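Close look at the chain arrangement
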Amino acid sequence: MSKPIKKKMNIKNKALAINSTLIVVSTTIIGTILHELAHFLMAKYFELNPELHHNYVNYLTENATEFQKAIIAGIGPVFSLIFGIIILLISVKILKPSLLKLFMLWLGMNGILMFLGYILIAPIVKNGDTGQVFDFLNIPTFISVVIAVISFVIIIKLFSSLSKEFRFYKNEDLFVQKENEKQLFFYPIWFSIIFITILSLPVVTWISLLPTIFMPMTYFSTMKKYRKQNLENAELEINFISKPLLILTIGTIIIFRILI
């Protein structure tokens, strides 16, 4: 009796998924560290003896005025927004299709999400960045809910519009859009959510995990819009695993854990 021949898995066929996962993980960590660094530098400016951690900053709150607390809380999201817009414009307007362009695209999206996403969760997470700012400004809960809804709509519209920036990439010579969709979005997004959540442990409070878990799910709006493009082919085949990207990802993970 002849035995069925098992087809060996060709890593080239999964190279797009692996590179995309490395990109989403590394850009998420980089965006988070830069976000917290903005908090740290502002607290440092106010001479509040801050300590930088992987997803929060400790400082002498008893020595800070309410205004200073609001500024320190708000600077993180504001920096992320400005940084995200700049990086996104570089990716969309300047760079040609490449892993660098794809990296910058995800990094820019992450920066914008670190602003709009925090506005989105402000009514729920009162001690979060935007929650503290809204409290300082005495914004009523129903107004913060309205702002959160508007933020959600903007996120979905913006991320959906960016789906066309992913049309350049394919996993192998024979283009299959459904497989591309999985490798560009499905695998990387879910892996990054699970991995970054585990990587963030332990946390001071479980509420701090809400942005890590739920904010990246808005990326699925990009995947949904990508699915509707009905693409026939893509110009750039990703059939290798980027060593610089792998080294960068490992480096960011190490730094992230050191800051815990």
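The structure under discussion appears in the preceding block.
The sections below set out a description of the structure shown in this document. (Residues numbered from 1 in each chain as written. Predicted model: local features only at pLDDT ≥ 70, side-chain atom pairs only at ≥ 80, totals over all residues. Heavy atoms only, no water.)

Right, let's get into the pattern of salt bridges. Following the criterion strictly, the structure yields four salt bridges and no others. Between Glu66 and Lys69 there is a salt bridge, with its nearest N and O atoms 3.4 Å apart. Separated by three residues within a single helix, Glu66 and Lys69 lie in helix 2 (residues 66-94), roughly one turn from each other. The class of Lys69 is partly exposed, set by a relative accessible area of 22%. Residues Glu181 and Arg227 are paired through a salt bridge, measuring 2.9 Å at the closest nitrogen-oxygen approach. One end of the pair, Glu181, is in helix 6 (residues 177-200); the other, Arg227, is in helix 8 (residues 220-227), and 46 residues separate them in sequence. Look at Glu181 and you get buried, because its relative accessible area is 10%. Given the relative accessible area of 43%, Arg227 is considered partly exposed. (Salt bridge = Lys/Arg side-chain N within 4 Å of Asp/Glu carboxyl O. Helix = DSSP H or I, 4+ residues; strand = E, 2+ residues; numbered from the N terminus. Buried < 20%, exposed > 50% of the residue type's maximum accessible area, 1.4 Å probe, protein only.)

Turning next to the layout of surface pockets. Approximately 980 Å³ is the volume attributed to the largest pocket. Lining the largest pocket are 42 residues, with Glu36, Asn55, Tyr56, Tyr118 and Asp129 positioned closest to its centre. For the lining of the largest pocket, the elements supplying multiple residues, two or more each, are helix 1 (15-45), strand 2 (57-58), helix 2, helix 3 (99-120), helix 4 (129-136), helix 6 and helix 7 (210-214). Here the residues of the lining of the largest pocket sort into 21 nonpolar, 16 polar and five charged. (1 Å grid on protein atoms, 1.4 Å probe; cavity = no way out; pocket = protein on both sides within 12 Å on 5 of 7 lines; lining within 4 Å. Points joined across faces, edges and corners; volume = space filled by probe spheres on them. Nonpolar A, V, L, I, M, F, W, Y, C, P; charged D, E, K, R; others polar.)

Between helix 1 and helix 6, the shortest axis-to-axis distance is 8 Å and the interhelical angle comes to 40°. Between helix 1 and helix 6, the interaxial angle falls into the category oblique. The element helix 1 and its partner helix 6 pack so that their crossing is right-handed. Contacts between helix 1 and helix 6 pair Ala15, Leu16, Ala17, Ser20, Thr21, Val24, Val25, Thr28 and Ile29 from the former with Asn180, Gln183, Leu184, Tyr187, Pro188, Phe191, Ser192, Phe195, Ile196 and Leu199 from the latter. (Axes fitted to C-alpha atoms, helices over the stretch in contact; angles between N-to-C directions. Parallel < 35°, antiparallel > 145°, perpendicular 65-115°, else oblique. Left-handed = near helix turned anticlockwise from the far one by under 90°. Contact = heavy atoms within 4.5 Å.)

Quick look at helix 6 now. In a regular helix each residue adds 1.5 Å, so 24 residues correspond to 34 Å; helix 6 covers 33 Å between its end C-alpha atoms and thus fits that length. The largest bend in helix 6 comes to about 35°, at Gln183. (Expected span 1.5 Å × (residues − 1). Bend = angle between axes of the 7 residues up to and from the residue.)

This part is about empty space enclosed by the protein. Within the structure shown, the criterion is met by one cavity of 30 Å³ or more. Approximately 30 Å³ is the volume found for the largest cavity. Along the walls of the largest cavity sit Gly31, Leu34, His35, Phe79, Ser80, Phe83, Asn110 and Gly111, which together make up its complete lining. Tallied by class, residues from the lining of the largest cavity come to three nonpolar, five polar and no charged.

Following both chains from N to C, one finds helix 1 and helix 9 (residues 243-258) inclined at 40°, their axes separated by 9 Å at the closest point. Handedness of the crossing formed by helix 1 with helix 9: left-handed. Along its contact with helix 1, which presents Asn19, Leu22, Ile23, Val25, Ser26, Ile29, Ile30, Thr32 and Ile33, the element helix 9 presents Leu245, Leu246, Leu248, Thr249, Thr252, Ile253, Ile255 and Phe256. In the contact of helix 1 with helix 9, the residues fall into twelve nonpolar, five polar and no charged.

A contiguous nonpolar patch, built from Phe67, Ile71, Phe136 and Leu137 and spanning about 360 Å² of accessible area, is present on the exposed surface. With respect to the helices and strands, the residue Ile71 is situated in helix 2. On the basis of relative accessibility, which here comes to 30%, the residue Ile71 falls in the partly exposed class. (Patch = residues over 30% accessible without salt bridge, like charges linked within 9 Å, V, L, I, M, F, W, Y side chains within 5 Å. Areas by Shrake-Rupley, 256 points an atom, 1.4 Å probe, with all protein chains shown as cover.)

Let us look at the environment of Pro50. By the secondary structure assignment, Pro50 is in the loop between helix 1 and strand 1 (51-52). The class for Pro50 is buried, based on a relative accessible area of 9%. Separated by 119 residues in the primary sequence, Pro50 and Tyr169 have C-alpha atoms spaced 43 Å apart. Setting aside anything within four residues of it in sequence, one finds Pro50 in contact with Phe40, Ala43, Lys44, Val57, Asn58 and Tyr59.

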